[in-house]
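Observations on chain architecture
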Amino acid sequence: MENIKSKHDEQLFIKRLEDLVQSSGRKMAQSFTDFLDPKQQIIINDYFRNDKTISIDFYGGYKEAERKICGIYCEGAKLDKDEYPIAILHLSWKSHRRINHRDILGSLIGAGIRREKIGDIIQNNDEAFVFVHRDIAGYLANNLERVGSASIDIEYCDHLPELEQEQKSTSAVVASLRLDCLLAAGFGVSRTTAAEAIKSSKVFVNWRPEGGPSKEVRVGDVISWRGKGRVKLDNVIGTTKKDRIKVNIIKYI
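Residues numbered from 1 in each chain as written. Predicted model: local features only at pLDDT ≥ 70, side-chain atom pairs only at ≥ 80, totals over all residues. Heavy atoms only, no water.

Some remarks on the side chain of Glu116
The following threshold applies: Each helix is a run of H or I in the DSSP string that is no shorter than four residues. Each strand is a run of E no shorter than two, and both are numbered from the N terminus. Burial classes follow relative accessibility: with a 1.4 Å probe on protein chains only, a residue under 20% of its type's maximum area counts as buried, one over 50% as exposed, and anything between as partly exposed.
Position of Glu116 among the secondary structure elements: in the loop between helix H3 (101-110) and strand E5 (118-123). Note on Glu116: relative accessible area 14%, which makes it buried.

A closer look at the packing of aromatic side chains
Rule in force here: Aromatic pairing here means that ring centres of Phe, Tyr or Trp (its six-membered ring) are within 6.5 Å. Orientation follows from the plane angle: under 30 degrees is stacked, over 60 is edge-to-face, and everything else is tilted. Two conditions define a charge sitting above a ring: the NZ of Lys or the CZ of Arg must be within 6 Å of the ring centre, and it must be within 35 degrees of the ring normal.
Applying the stated criterion to the full structure yields five aromatic pairs. Here Phe187 and Trp225 contribute two aromatic rings whose centre-to-centre distance is 5.2 Å and whose plane-to-plane angle is 80 degrees, an arrangement assigned as edge-to-face. Placement of Phe187 in helix H5 (residues 179-187) and of Trp225 in strand E12 (residues 222-225) is noted, with a sequence separation of 38 residues between them. Here Phe187 matches Trp225 in class, with each residue buried. Ring-pair connections join several aromatic residues into one group, and the members of that group are Phe32, Tyr59 and Tyr84. A cation sits over an aromatic face here: Lys228 above Trp225, 5.6 Å from the ring centre.

Observations regarding the sheet that holds strand E14 (residues 245-252)
Rule in force here: For two strands to be treated as a pair, DSSP must find at least two bridges joining them. By definition in these notes, contact holds between two residues if any of their heavy atoms fall within 4.5 Å. Whenever a helix is involved, its axis is fitted only over the stretch in contact; in every case the axis is a line through C-alpha atoms, and angles between N-to-C directions fall within 0 to 180 degrees.
Strand order in this open sheet of six strands is E9-E14-E13-E12-E10-E11, and the pairing throughout is antiparallel. With partners counted over all chains shown, the strands left at the sheet margins are strand E9 (167-174) and strand E11 (208-209), one partner each. Here E12 pairs with strand E13 (residues 229-239) via four bridges, running antiparallel. Within E13, the residue paired with Ser224 across the bridge is Arg230. Each of E9, strand E10 (203-205), E12, E13 and E14 touches H5; the most contacted strand, E14, lies at about 60 degrees to it.

A few points about unusual backbone geometry
Non-glycine residue Ser201 carries a positive phi angle of around 65 degrees. Topologically, Ser201 is positioned in the loop between helix H6 (191-199) and E10. On the basis of relative accessibility, which here comes to 35%, the residue Ser201 falls in the partly exposed class.

Some details on the sheet that holds strand E1 (residues 31-36)
Pairing is antiparallel in the open sheet, where three strands are placed in the order E1-E3-E2. Looking at which strands have only one partner, the edges of the open sheet turn out to be E1 and strand E2 (54-59). Averaged over all pairs of adjacent strands, the angle between strand axes in this sheet comes to 20 degrees, irrespective of strand direction. Of the pairings in the sheet, the one linking E2 to strand E3 (residues 68-74) comprises six bridges and is antiparallel in character. Bridge pairing in E3 places Phe58 opposite Cys70.

Remember that the coordinates give geometry; whether it matters functionally is a separate question.
Take a look at the structure:
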């Protein structure tokens, strides 16, 4: 399902969901969307919250997934995680040039795969685990040969292994715990740039979109900036003599 950029797009998105819900009801079976971004997941939750005739659930292949597929099924039924049409592909390569998330996503899109068929991409040094819709997994396994400038090996993976995500911890002094202050400190940009990113719907707090820079961030909150990465407010250390706030921020690399 496509990205939502306007109220009209949102209405079309809801209409397609309603058609999917009706199809599920007629067939007395479960139906699945493609991968959804956090904003789309919230729209579904809000719209169908009071519908007692169906149940909905979200799953992206692992517990902390950001992009997820919505499962729609009859009220009272049960949907197991392995019923979701998700496949995990393990990519590995050897390259002197650093391969990043954008290189991997670009190669997938370049192979003719629509963004909504691709879930999270988890990179671990010279390998990556890519969550994709099951209906395009075979095509990628047989046809994807390169990521960026690097030749790759690709194979199916039964489950996501335990990975230690690389992270960097840093302390910063901020004027307040407002979202624009923490975003600026976490990503090393100006508050003006941070505020513009927030207003452009590129920033999420705990995977929920935030449209205002004044939202107060709490310890433990994860801030995602689409295309940039994630940071977490790890701790509030104290205040300075000038009543500014010293914090510890974790950035996931």
